[in-house]
Amino acid sequence: MGATIFYYTGTGNSLWVSRKVADELGDTALLSIADYKDENKTINSEIVGLVFPVHIWGVPAPMIQFINTLKGSNPEYVFAIAVNAGQVSNTLIQLKKIMTENRLNLSAGFEIKMPSNYIPWGGPGPQEKQHKRFELAQEKISSIAVRIKEKVQMPVEKGPLWQRILFTAIYNMSFSHVPKMDQKFWVDDKCNACEICCKVCPAANITMCEGKPVWNHRCEQCFACLQWCPQEAIQYGKKTPKYERYHHPEVFLKDMLKSR
Ligand SMILES: Cc1cc2nc3c(=O)[nH]c(=O)nc-3n(C[C@H](O)[C@H](O)[C@H](O)COP(=O)(O)O)c2cc1C
Ligand code: SF4
Ligand code: SF4
């Protein structure tokens, strides 16, 4: 196998980016990090890609845990793509450091901007702006693929210094609190007990109690439960009832369930 891309996603942006990179590279397997954990596959690809969303200006915990399991593998070329909504900040520098600690070399790290799925701060923005981001992302993916095929070693992409100082401090302060941030989820009267939120959660953090979802404080803050609820019944804090839901238009619930 030429390349394997390991992805993590809440609303499909990172899966879509992974698919597009795979199309450009050819001979590429796509694996959700959840599948890899379950099936314990060995990696025998020359090229390995890590594609994931930026969470709170850094690398989400499940991707850090996944990298820790890669100790001992020795791919020739590893690239990463930090999919974000405009502020990659220190994410790829942090990733490179974590990989070095695991005796892995990150050959190149790219950032790609996509619509935001961080609904506490609002919806994904107007359709026109979303489509502009998809177009620009596709162009960037094509140029990234050229560099991956040539196995180019290059510095990782990063945000401005002020972001890296300020937002890395916030990331470090928040990191251990993420699992309990699900305390702000609640469900409104539209819930019809379909259990899709339980099935789409990558952390198996949601159980049903008396026909309603309950969050069990193992949350990864991916927002898949809220964004994929077909009834739009899941809320977070006070403002989300009025905000538009989002998932990538070319990624469907069945794609998400397959990777859980
Ligand atoms: C908890 C959380 C934190 C986020 N933090 C950031 C951030 O620090 N910078 C940023 O640009 N986008 C941030 N986002 C937005 C996502 O990175 C972005 O929408 C991404 O494309 C989602 O990818 P996915 O659909 O693969 O999950 C955050 C999203 C969530 C859910
Ligand atoms: S996905 Fe939505 S409607 Fe279905 S059980 Fe969960 S909250 Fe209720
Ligand atoms: S509870 Fe919701 S936000 Fe938390 S990990 Fe599960 S799907 Fe993601």
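Before reading on, note that the structure itself is shown above.
The text that follows walks through the structure, step by step, so that each part is easy to find. Treat the numbers as computed from the prediction; the structure is a model and nothing was measured.

1. Topic: the site of ligand 3
Around ligand 3 sit 13 residues in total, of which Cys201, Cys219, Glu220, Cys222 and Cys225 are the nearest. Residues that form the shell around ligand 3 fall into these classes: ten nonpolar, two polar and one charged.

2. Observations regarding the environment of Pro213
Within the secondary structure, Pro213 sits in strand S8 (residues 212–215). Sequence separation between Pro213 and Gln87 is 126 residues; the distance between their C-alpha atoms is 32 Å. The contact partners of Pro213, leaving out residues within four places of it in the chain, are Val187, Cys191, Cys197, Ile206, Thr207 and Met208.

3. A short note on the sheet that holds strand S1 (residues 3–7)
Reading across from one edge, S2-S1-S3-S4-S5 is the order of the five strands in this open sheet, with parallel pairing throughout. Looking at strand neighbours, the two that pair on one side only are strand S2 (28–32) and strand S5 (108–113), the edges of this open sheet. For this sheet the average axis-to-axis angle between neighbouring strands, irrespective of direction, equals 20°. Where S1 lies against S2, five bridges are found, and the strand directions are parallel. In the strand pairing of S2, Phe6 is matched with Leu31. Sitting on the sheet, helix H3 (residues 61–69) touches S1 and strand S3 (47–53), and the angle it makes with S3 is about 160°. Sheet strands touched by helix H5 (residues 127–149): S3, strand S4 (77–84) and S5. Its angle to S5, the strand with the most contacts, is close to 170°.

4. Observations regarding the pattern of salt bridges
Taken as a whole, this structure holds nine salt bridges when the rule is applied. Here Arg19 and Asp255 are joined by a salt bridge, their closest N and O atoms 3.2 Å apart. Here Asp255 lies in helix H9 (residues 253–258) and Arg19 lies in helix H1 (residues 13–25), a separation of 236 residues in the sequence. Classification of Arg19 by relative accessible area gives partly exposed; the value is 25%. The shortest N-O distance in the salt bridge between Glu101 and Lys97 comes to 3.7 Å. Of this pair, Glu101 and Lys97 both sit in helix H4 (residues 91–101), four residues apart, roughly one helical turn. As far as the burial class goes, Glu101 and Lys97 line up, both exposed. It is possible to trace a salt-bridge network through shared partners that takes in Arg19, Lys254 and Asp255.

Definitions and cut-offs
Residues numbered from 1 in each chain as written. Chains lettered and ligands numbered in written order. Predicted model: local features only at pLDDT ≥ 70, side-chain atom pairs only at ≥ 80, totals over all residues. Heavy atoms only, no water. Near = heavy atom within 4 Å. Nonpolar A, V, L, I, M, F, W, Y, C, P; charged D, E, K, R; others polar. Helix = DSSP H or I, 4+ residues; strand = E, 2+ residues; numbered from the N terminus. Contact = heavy atoms within 4.5 Å. Pairing = 2+ DSSP bridges. Axes fitted to C-alpha atoms, helices over the stretch in contact; angles between N-to-C directions. Salt bridge = Lys/Arg side-chain N within 4 Å of Asp/Glu carboxyl O. Buried < 20%, exposed > 50% of the residue type's maximum accessible area, 1.4 Å probe, protein only.

Such coordinate-based values are descriptive only and should not be taken to indicate function.
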